[in-house]
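Remarks on the overall topology
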Amino acid sequence: MGVKGLQYFMDRCCPEACVTVNLREMARRQVARTPDNTTSATLVVDGMACLCHWYTCRDWVCGGQWREYMDSLKNWVETFTSAGIRLVFFFDGVIEEQKRQEWVKRRCRVNGEISKIFQYIKVHGEQPRGDRVCIPSGLATFTCFALRLLGQEVFCSVREADYEIAAYARRQGCMGILGQDSDFIIHDSAPYLSVAKLHISSLTTVLYDRQRLCGAIGLAVTQLPLLACLLGNDVVSEERMHHIRNEAMATHRKKHPSPQSRAPQGQMVLAVSEFVSNLWCGEEEETEYIPQSLSLSAPDRKLMEKGIFSYLLPGQEAPQQDAPPSHSAFENYISPAILKVCREKHVAAEDFMVYGVVCEGVLECSNSLEDEEENELLPQALVYRPCRQHIYSLLLPNKHDGSSEEPPAIKEWFVYPGNPLKQPDLVQPVPISLPCDQPSLDLLWLGSGPEVSALRLTCFLSIFDCQEFSQLYEVIDDSLLAAVCLVTYIVLQVPTLSSEDMDAYLSQAVCLKLKSPQELQQIKLPFLSSRAVQLGSLYVRGLSHLLGANCASGCPLPRAALMPWHSFDGRLFHSKYLLAHSGTQETVLLDGDSSCLSLFLQLKENVTEACRRRNRVLQSRPRPGAPEQRTKQEPSDKHTGGPRDFSGDWRERGGHQQGGGWSNRDEARREQSESKNLEKQWERQRGHFHPHSYPHCNEVGLQGMSSPPKQSRGRSRHCRGRFQLAPRWSQPPAPGP
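Residues numbered from 1 in each chain as written. Predicted model: local features only at pLDDT ≥ 70, side-chain atom pairs only at ≥ 80, totals over all residues. Heavy atoms only, no water.

Another aspect to go through is the overall build of the protein. Scanning the protein from terminus to terminus reveals 27 helices and ten strands. Looking at the protein residue by residue over its 737 residues, the buried ones come to 58%. Looking at the protein alone, contacts between residues at least 24 apart form 76% of all its contacts between residues at least 6 apart. By element, 49% of the accessible surface of the protein is carried by carbon and sulfur atoms, the whole surface being about 30,400 Å². (Helix = DSSP H or I, 4+ residues; strand = E, 2+ residues; numbered from the N terminus. Buried < 20%, exposed > 50% of the residue type's maximum accessible area, 1.4 Å probe, protein only. Contact = heavy atoms within 4.5 Å. Areas by Shrake-Rupley, 256 points an atom, 1.4 Å probe, with all protein chains shown as cover.)

Given below as structure tokens:
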């Protein structure tokens, strides 16, 4: 978020603070100032702020063009390194509780945008145009590993990332901080450089000059933290200091009665700056960060102090923020050696999920491309909860003293339709099924020998209930082994998935090996299916869970094998989905390649047999039509798009109602008309579209085999919204007519 209105003020109202610079020249001057002229200039990069600028692929809604993204990221990095600029990347590793509510507000806002994206797809059968963009799921997670594979230095934070970035840049004397967050102008650190205004071809951008800004608004650098808190930031909400800003604005208008040629937000920054400047009325108060003349209640003053101190870096005068605790919330369950390894791997961006569980007892997951009107597909947060429960159990075995006391529940802040995020879901660990006693992390992570290696693989496969796939290890590529595990898990957890869905998942994983990034970009899609969009996002989220399980198990598979650029491409999957659901022969589905067809049939047999052993029989349920359309028998309900019969609907069970949907029947009829046009387009292009109707399945929950034991901890595992945990299904749903 940064400081409310400050970025806008600098860009629109304070041109003197915006200086166009050439990063090559900056780097040369930086190196020239070093004693031996040999040290490379270092640029610290705020990775989270850069994601939307790095992902420039045309397609984003299908799940991600990961190979194209890797090529783009590689070129971006090489542009800087060829200019003699050393890059150091930082990513958010934790979400501090003091910023939790701001995180929740952003997630809810993005939910609204995602709802509009799905509405657009259902009407137009194509990706939304313009600024309505949602980066692929898991982009931040996999970008950390991508940059490491490219030989870059990458760090994950153990506290607020902005603070760690500013502290590192100040301590190392870096040439600048590349990001898009006005907090960097408040921190007295290296120069703040805009990634939004970066021209990569010329390596020019805008530097926001801290001293010039202070000169324009009449403040000292040491007064900027107070200005930031009064305007509103991640610690002190905009609403909390509303009364002070109103007072400042009233005073400003009295002094400047004639309207200035500045935007209203610009006037607000000037007004609060004048207010701050007038607070210091005596020399005895010049060193105080909150003058006594500022009238605040005790709670507001304490919050203000917290906000101001969040900007003060090591070595600057002020009580420093408390360092993040070195102990774990579960230190009685984990050895000191494991805690040390866990923290080191987290900071070095070498693990995923483990640090949050072991050291914080908290796990978060941001928005995914999920349709809130989709009644058949469970959201990814619930689909993968059983596997997370197994991961938690592996990470948190019994106490060292031998007692049978279970570890506390993990707090999950996962975004999914119907979850208002008012409080976390409390999720208990569930032991995995092993042929031996559950091993300690000391053995899994620090042990050696062939027996330990085999145990690691067994633990990894057991997390997904795929133990029999050990026979495929070293027989097929590791990335394909991971894909088979993931597809099997998804099919077992989502009873409404059909054999066509499985074929789409497996065929794209097999065919991806033969495709170049250029060929993947040239794939033509006659239309987009909103269901396929959600299935693509579901798969990519599954890859991140594979990564977390692999880290927890001691890394039996190389991390590179679990990266999406080795097993998934959004456009390729979407094309296979449309082909599979239109009745295309398997030979055509596998691009006419006999070796791919043979491998596909082998993997399909593996998945089908594993499901059969668990009483899951895949049914054929083709959905060859164009974008989903509502029938006259099920008129859409205003704001939701769901049928008017609310039996079994999540809103009747107290879920959080969200906006979206169509406002009247005219729009619904227009949607049907446009969908019919797309159906005709599909018939012309493929030649084998057949109308097919299917009943909506009853809402289903997670499998009972992964349900935790009865607990006494309040509302543990309670899923708010329309999705609730249910006993394991005994029979798969019947196919449609």
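Resuming the write-up.
Packed helices, taken two at a time, are described by the angle between their axes plus the distance between the axes. Two elements in contact, helix 21 (residues 499-511) and helix 23 (residues 530-552), have axes whose closest approach is 12 Å; the angle formed by their N-to-C orientations is 55°. In terms of orientation, helix 21 lies oblique with respect to helix 23. Crossing handedness for the pair helix 21 and helix 23: right-handed. Contacts between helix 21 and helix 23 pair Asp501, Tyr505 and Gln508 from the former with Arg531, Leu535, Leu538 and Tyr539 from the latter. Of the residues in the contact of helix 21 with helix 23, the class split is four nonpolar, one polar and two charged. (Axes fitted to C-alpha atoms, helices over the stretch in contact; angles between N-to-C directions. Parallel < 35°, antiparallel > 145°, perpendicular 65-115°, else oblique. Left-handed = near helix turned anticlockwise from the far one by under 90°. Nonpolar A, V, L, I, M, F, W, Y, C, P; charged D, E, K, R; others polar.)

Moving on: the sheet that holds strand 8 (residues 362-365). Strand order in the open sheet made by the three strands is 8-9-10, with mixed pairing throughout. Both outer strands of the open sheet, strand 8 and strand 10 (425-427), are each paired with one neighbouring strand and no more. Within the sheet, the average angular offset between the axes of one strand and its neighbour, ignoring direction, is 30°. As judged from the three bridges shared by strand 9 (residues 410-414) and strand 10, these two strands associate in the antiparallel manner. The residue of strand 10 that forms the bridge with Lys411 is Leu426. Strands in contact with helix 5 (residues 100-124) are strand 8 and strand 9; relative to strand 8, the strand with the most contacts, it is inclined by about 25°. (Pairing = 2+ DSSP bridges.)

Bringing the confidence of the model for the protein into the picture now. Residues of the protein with pLDDT of at least 70 account for 80%, and the chain-wide mean is 84. Overall, residues 628-737 carries pLDDT values under 50, and its contacts beyond four positions in sequence, including any with other chains, amount to 244 contacts. (pLDDT = per-residue confidence, 0-100.)

Glancing now at the pairing of strand 5 (residues 176-179). Residues Gly176 and Leu178 point to one face of strand 5 and Ile177 and Gly179 to the other, with burial holding for every one of them. In the sheet, strand 2 (residues 41-46) pairs with strand 5 via three bridges, with the strands oriented parallel. When the sheet's bridge partners are listed, Leu43 is paired in strand 5 with Gly176. Bridge count for strand 5 against strand 6 (residues 192-194) is three bridges, and the pairing is parallel. Its bridge partner lying in strand 6, Gly179 is registered against Ser194.

Picture the strands of a sheet paired through backbone hydrogen bonds; they go either parallel or antiparallel. In space, the seven strands of this open sheet follow the order 1-7-6-5-2-3-4, with mixed pairing throughout. Two strands bound the open sheet, and with one partner strand each, they are strand 1 (18-22) and strand 4 (153-156). The mean angle between the axes of side-by-side strands here comes to 30°, regardless of whether they run parallel or antiparallel. Looking at chain direction, strand 3 (residues 85-91) and strand 4 are connected through four bridges and run parallel. Residue pairing in the sheet places Phe91 in a bridge with Cys156 of strand 4. Across the sheet, helix 1 (residues 6-13) is in contact with strand 1, strand 6 and strand 7 (204-208); its angle to strand 7 comes to roughly 115°. Here helix 6 (residues 139-149) sits on the sheet in contact with strand 3 and strand 4, set at roughly 150° to strand 3.

Interhelical geometry of helix 20 (residues 478-493) versus helix 26 (residues 594-613) gives an angle of 40° and a closest axis separation of 10 Å. It follows that helix 20 is oblique to helix 26 by the angle criterion. Pair helix 20 / helix 26 crosses with right-handed handedness. Together, Leu480, Val484, Val487, Thr488, Val491 and Leu492 of helix 20 and Leu599, Leu603, Val607, Ala610 and Cys611 of helix 26 make up the contact between the two elements.

This part is about the packing of aromatic side chains. Per the counting criterion, the structure on display carries 20 aromatic pairs. Ring geometry for Phe464 against Tyr489: centres 5.7 Å apart, planes inclined by 90°, an arrangement best described as edge-to-face. With Phe464 in the loop between helix 19 (450-463) and helix 20 and Tyr489 in helix 20, this pair connects stretches of sequence that are 25 residues apart. With a relative accessible area of 3%, Tyr489 lands in the buried category. With centroids separated by 6.3 Å and ring planes inclined at 50°, the aromatic side chains of Phe573 and Tyr577 adopt a geometry described as tilted. Here Phe573 pairs with Tyr577, and both are found in helix 24 (residues 570-581), just four residues apart, close to one helical turn. (Phe/Tyr/Trp six-rings, centres within 6.5 Å; stacked < 30°, edge-to-face > 60°.)

This next bit is on the environment of Gly151. On the secondary structure map, Gly151 appears in the loop between helix 6 and strand 4. The exposed category is assigned to Gly151, whose relative accessible area is 61%. Placed 74 residues apart in sequence, Gly151 and Val77 show a C-alpha to C-alpha distance of 9.8 Å.

A positive phi angle, near 60°, is found at Asp465, a position not held by glycine. You can see Asp465 is positioned in the loop between helix 19 and helix 20. Given the relative accessible area of 18%, Asp465 is considered buried. Positive phi, normally seen in glycine, also occurs at Glu474, with a value near 70°. Mapped onto the elements, Glu474 comes out in the loop between helix 19 and helix 20.

To continue, consider the side chain of Ser479. Structurally, the position occupied by Ser479 is in helix 20. One polar contact links Ser479 to Lys513, side chain to side chain, over a distance of 2.6 Å. Not counting chain neighbours up to four residues away, the residues in contact with Ser479 comprise Lys513, Ala561, His566 and Ser567. (Polar contact = N/O pair within 3.5 Å; in protein donor to acceptor, adjacent residues only side chain to side chain.)

Before going further, it helps to spend a moment on the pattern of salt bridges. As enumerated under the stated definition, the model contains 33 salt bridges in all. Ionic pairing is found between Lys99 and Asp234, a salt bridge with its closest N-O pair at 3.7 Å. Within this pair, whereas Lys99 is found in the loop between strand 3 and helix 5, its partner Asp234 is found in the loop between helix 10 (224-231) and helix 11 (242-255), the two being separated by 135 residues in sequence. For the pair Lys99 and Asp234, one class covers both residues: buried. Across the pair Arg388 and Glu412 runs a salt bridge, and its minimum N-O distance is 2.8 Å. Note that Arg388 is positioned in helix 17 (residues 385-395) and Glu412 in strand 9, a separation of 24 residues in sequence. (Salt bridge = Lys/Arg side-chain N within 4 Å of Asp/Glu carboxyl O.)

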